[in-house]
Amino acid sequence: MKRLLLLVLKILGGFVALLLILLITAAILLNTSSVQQKLLSYSTGLLKEKLQTEVRIDSVSVNFLAFNINLMGLDVEDLQQRKMLQARKLALTLDLWELTARKVKVSKAGIEGVKVRLYQPEDSVANYQFVIDAFKSDKPKAKQSEGEKQEKKRKLSLDVSDLKVARIDVVYNEDTFYLEKLDYSKGWAGHQKGEIRHLRGKFDRLTKKGKMLTTRMGLSRLKLTEEKGQLLVSVDSLHYVLNNHQPRKNTGRPHRGAFDAGHLDVLAHMQFTVNHYGKDTANITMTSFVAKDSLTGFDVKDLRFTAGINKEKVHLSDVTIQQEGTVLTFDHGEVILPSKKTGRKLVYNTSEISGKTQLKDISRPFAPVLSNFTIPLELKVKLNGTDSTMQFSDIHVNTADQKLKLDAYGSIRHLKEKELLDIRFHVKNMTTPTKTAVDIINQFAVKKFMMKQLKALGTIGYTGDLAVLYKKEQFKGLLRTAVGRMNFNLTLNEKTKYVSGSVHTSSLRLGKVLEMKDIGAVACRANFTFDMSKPRTAQIRRRKGGKLPIGHVNATVMEASYKKVKVKNVDATINSDGAIALGHLSQKNKNVDLLCDFSFTSTDSIHKMKVKPNVKLHHMPWQKKDKKANKKKKRER
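Everything numeric in this text was worked out from a predicted model, so none of it was measured.

**Description of a positive patch on the surface**
Argument step 1. Judged by side-chain charge, Lys-209, Lys-211, Lys-249, Arg-253, Arg-256, Lys-418, Lys-471 and Lys-495 come together as a positively charged surface patch.
Argument step 2. Mapped onto the fold, Arg-256 is located in the loop between β10 (230–243) and β11 (263–278).

**What about the side chain of Asp-260?**
Argument step 1. Locating Asp-260 in the fold gives a position in the loop between β10 and β11.
Argument step 2. Side-chain polar atoms of Asp-260 contact the backbone nitrogen of Lys-249, separated by 3.1 Å.
Argument step 3. Beyond its immediate stretch of four places on either side in the chain, Asp-260 contacts Pro-247, Arg-248, Lys-249 and Thr-296.

**Comments concerning unusual backbone geometry**
Residues other than glycine predominantly adopt negative phi, and peptide bonds predominantly adopt the trans conformation.
Argument step 1. With phi around 55 degrees, Asn-173 is a residue other than glycine that occupies positive phi space.
Argument step 2. By secondary structure assignment, the location of Asn-173 is in the loop between β6 (162–172) and β7 (175–186).
Argument step 3. In the Ramachandran plot, His-414 falls in the positive-phi region, its phi being about 60 degrees despite a non-glycine side chain.
Argument step 4. Relative to the assigned elements, His-414 resides in the loop between β21 (405–413) and β22 (422–432).
Argument step 5. Residue class for His-414 comes out partly exposed when judged on its relative accessible area of 28%.

**Comments concerning the packing of aromatic side chains**
Argument step 1. Across all of its chains, the model carries 7 aromatic pairs by this definition.
Argument step 2. Here the aromatic rings of Tyr-128 and Tyr-172 are separated by 6.3 Å at their centres, their planes lie at 40 degrees, and the arrangement is tilted. Linking Tyr-128 in the loop between β4 (103–118) and α3 (129–135) with Tyr-172 in strand β6, this pair joins segments that are 44 residues apart in sequence. Accessibility assignment for this pair places Tyr-128 and Tyr-172 in one class, buried.
Argument step 3. Both rings, one in Phe-259 and one in Phe-298, keep their centres 5.9 Å apart while their planes meet at 85 degrees; by these two values the pair is edge-to-face. With Phe-259 in the loop between β10 and β11 and Phe-298 in the loop between β12 (281–293) and β13 (299–300), this pair connects stretches of sequence that are 39 residues apart.
Argument step 4. An aromatic cluster is present here, built from Phe-259, Phe-298 and Phe-366 joined pairwise through their rings.

**Overview of the side chain of Thr-436**
Argument step 1. Turning to its location among the elements, Thr-436 is positioned in helix α6 (residues 434–441).
Argument step 2. If sequence neighbours within four positions are ignored, Thr-436 has contacts with Lys-403 and Leu-404.

**A short note on the nonpolar core**
Argument step 1. Grouped together as the largest cluster of nonpolar side chains are 90 residues, with contacts concentrated most on Phe-289 and Phe-305.
Argument step 2. Setting aside residues no more than four positions away along its own chain, Phe-305 makes contact with Ile-284, Thr-285, Met-286, Leu-316, Ser-317, Asp-318 and Val-319.
Argument step 3. Listed in part, the 6 residues of the second largest apolar core include Val-62, Phe-67, Leu-94 and Val-106.

**Quick word on the pairing of β21**
Argument step 1. Bridge count between strand β20 (residues 390–399) and β21: 7 bridges; the pairing is antiparallel. By the bridge assignment, Val-397 is partnered in β21 with Leu-406.
Argument step 2. The turn joining β20 and β21, which pair antiparallel and follow one another in sequence, is formed by 5 residues; a positive phi near 65 degrees is taken by Gln-402.
Argument step 3. Of the pairings in the sheet, the one linking β21 to β22 comprises 9 bridges and is antiparallel in character. Counted as the bridge partner of Ser-411 is Arg-424 from β22.

**Points about a nonpolar patch on the surface**
Argument step 1. A cluster of nonpolar side chains, namely Phe-259, Ile-362 and Phe-366, defines an oily patch on the protein surface of about 260 Å² accessible area.
Argument step 2. As for its placement among the helices and strands, Ile-362 is situated in the loop between β18 (353–357) and α5 (363–366).

**Here we look at the pairing of strand β24 (residues 472–481)**
Argument step 1. Pairing of strand β23 (residues 460–469) with β24, which is carried by 9 bridges, proceeds in the antiparallel orientation. Along β24, the bridge assignment pairs Tyr-462 with Leu-479.
Argument step 2. Relative to strand β25 (residues 484–493), β24 runs antiparallel, the two sharing 10 bridges. When the bridges of β25 are listed, Glu-473 appears paired with Leu-492.
Argument step 3. Adjacent in sequence and paired antiparallel, β24 and β25 are bridged by 2 residues.

**Notes on the environment of Lys-83**
Argument step 1. Looking at where Lys-83 falls in the secondary structure, it is placed in strand β3 (residues 83–94).
Argument step 2. Sequence-wise, Lys-83 and Arg-117 are 34 residues apart; in three dimensions their C-alpha atoms are separated by 7.0 Å.
Argument step 3. Setting aside anything within four residues of it in sequence, one finds Lys-83 in contact with Arg-56, Asp-75, Val-76, Glu-77 and Arg-117.
Argument step 4. A polar contact is formed between the side chain of Lys-83 and the side chain of Asp-75, at a distance of 2.9 Å.

Thresholds, definitions, all that
- Along each chain, numbering runs from 1 in the same order as the chain's sequence is written.
- Two thresholds apply to this predicted model, a pLDDT of at least 70 for residue-level local features and 80 or more for giving and counting side-chain atom pairs, whereas whole-chain, interface and lining totals are computed over all residues.
- As a convention, hydrogens and water are excluded, and side-chain values are obtained from all of the structure's heavy atoms.
- Residues qualify for a patch when their relative accessible area is over 30% and they have no salt bridge, like charges being joined within 9 Å and the nonpolar side chains of Val, Leu, Ile, Met, Phe, Trp and Tyr within 5 Å.
- Per-residue accessibility takes into account occlusion by the displayed protein chains alone, with areas from the Shrake-Rupley method and a 1.4 Å probe.
- Salt bridge criterion: a side-chain nitrogen from Lys or Arg within 4 Å of a carboxyl oxygen from Asp or Glu.
- Lys and Arg are tallied as positive, Asp and Glu as negative. Neither His nor the chain termini are counted.
- In this description, the location of a charge corresponds to atom NZ of lysine, CZ of arginine, CG of aspartate or CD of glutamate.
- Helix numbers and strand numbers start at the N terminus; a helix is a DSSP run of H or I with at least 4 residues, a strand a run of E with at least 2.
- Contacts described as polar in this section are N or O atom pairs within 3.5 Å, which, within protein, must combine one atom able to donate a hydrogen with one able to accept it, while residues neighboring in sequence count only if both atoms come from side chains.
- Any pair of residues with heavy atoms lying within 4.5 Å of one another is described as a contacting pair.
- Per-residue accessibility, obtained with a 1.4 Å probe over protein chains only, is compared with the maximum for each type, and a residue is labelled buried under 20%, exposed over 50%, and partly exposed between these values.
- Stacked, tilted and edge-to-face are the three classes assigned to paired rings of Phe, Tyr and Trp, where Trp is represented by its six-membered ring and a pair needs centres within 6.5 Å; plane angles under 30 degrees give stacked, over 60 edge-to-face, the rest tilted.
- What we call a nonpolar core is a set of buried Ala, Val, Leu, Ile, Met, Phe, Trp, Tyr and Cys residues that are connected through their side-chain atoms within 4.5 Å.
- Any two strands between which DSSP finds at least two bridges are classified as paired.

Shown next, in the form of structure tokens:
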């Protein structure tokens, strides 16, 4: 957009500058309308000859005493006889005496009804190239002395007292830009005020991968006023739309968050104060900010901060971020801005971020499963990172009643590379009573299994790790409960759609968990695999029905007790097809194998399972005789 505007200004400025030189010369010699019109005709003739195209100007007037210039009806065609540049009115009033001090003081300026049509075909030169070539000097650059170089470096200062711009319409290939109105003025004491109304634009760009990216932007109104040395800025209906012309990432995947950096539709309103501005520095205070993305679901109710800005960094202070159920604040932070020229990378950090949040606020953009999560959580965390990493330290989360407490730290790496994305968190300690755990689980919009067994665990403690990798999530750690401790390792494979893992406990009062009081403490280890593919499980449930998880468990019970009987080294298997779970226990001994088959159809009624015990004898005396007899018969045959 900046490049496009500079190009338009250069072309427009080239025409106006040449005309002004001729007309000012004429005005000095004879400040009369008739002479100016004759010279206008002569000037346009020179332009036609130089550009080899049609140039028309309806009228021009120059008042040398007041140095007031008005140009009406500028019309320039390109070499294909297409309208390239049109301007209904250009007006300028200058203070000539200020030019002696290298100052351009514009008392009044007006631009109205400008239409620009620029085209740059892929296989040909741009339709405006002939203008650039016409005004380009053929003379070689003369060598300059050091004094001349220093003098050239001294830039002209520009001071505009009154500017009015109306109806600017620019097209560059497929890009468009339109401005309905811009007013700017300085009062007698230098106080500034200004207004922009109805600004809009559309820009197409190819990404590094060669894909089209379309950006649309619009602005209903921007108002600027100066009070007590500060600029007060109000922005109404700032509209930003981004479209990469690809299917949205959650298309056909309703359980995936709606956030997609290639599809945005943000409408924002804001008010901020410019406390100070100078060369390469500024200090602003955001006093009000509301923004909503209709596509991804981001909904910022308010954002407030003070920012000190220079070429290298941004210093933030007194930051508050508010969503519907979330308010987060931090005292200060710093952002080191990237620079390709110096090789400087983006780096940022914050002081402790604290506040309250409801996870439903991030459900639509990131995790629809959290859409019903309305339990307020209190949060503390410190954040730092780069353009590709994030580090979270001193994480503390708790409920308002302090029944849930969690302390952790973690990191996110390879943010820009989807297949290398690596999210890891270590939970140093988490404690919660089962009632709070059940309340939290009930906030998730998912199917729930074994909730009755969860309630029997009492107060739960956890220490462990979680990792989110490309199409894979891993959880492991130590679970501490009122009925025993258990180490576990769990993997969710998004490619195969299976959940697999292992558990190990040296003593777990399984009977209390299953509501089977005759079963005592159990020491065991187990491996399991369950199907989480919705198409596969739906097909099985249509055929067999049922609500059980679909999968199998292989376990070894090192030690267990049933009533007054203790057993060791029992092998166990459970296979579930969703409708019924069939289990088998076996303990191999020297002469007798103890066997047991069992089945159940619901995790909420495991205590009502059907049990069928069995015994297998071997190495008994009569079995030996039978074995010898069988061998003898085989020899005789």
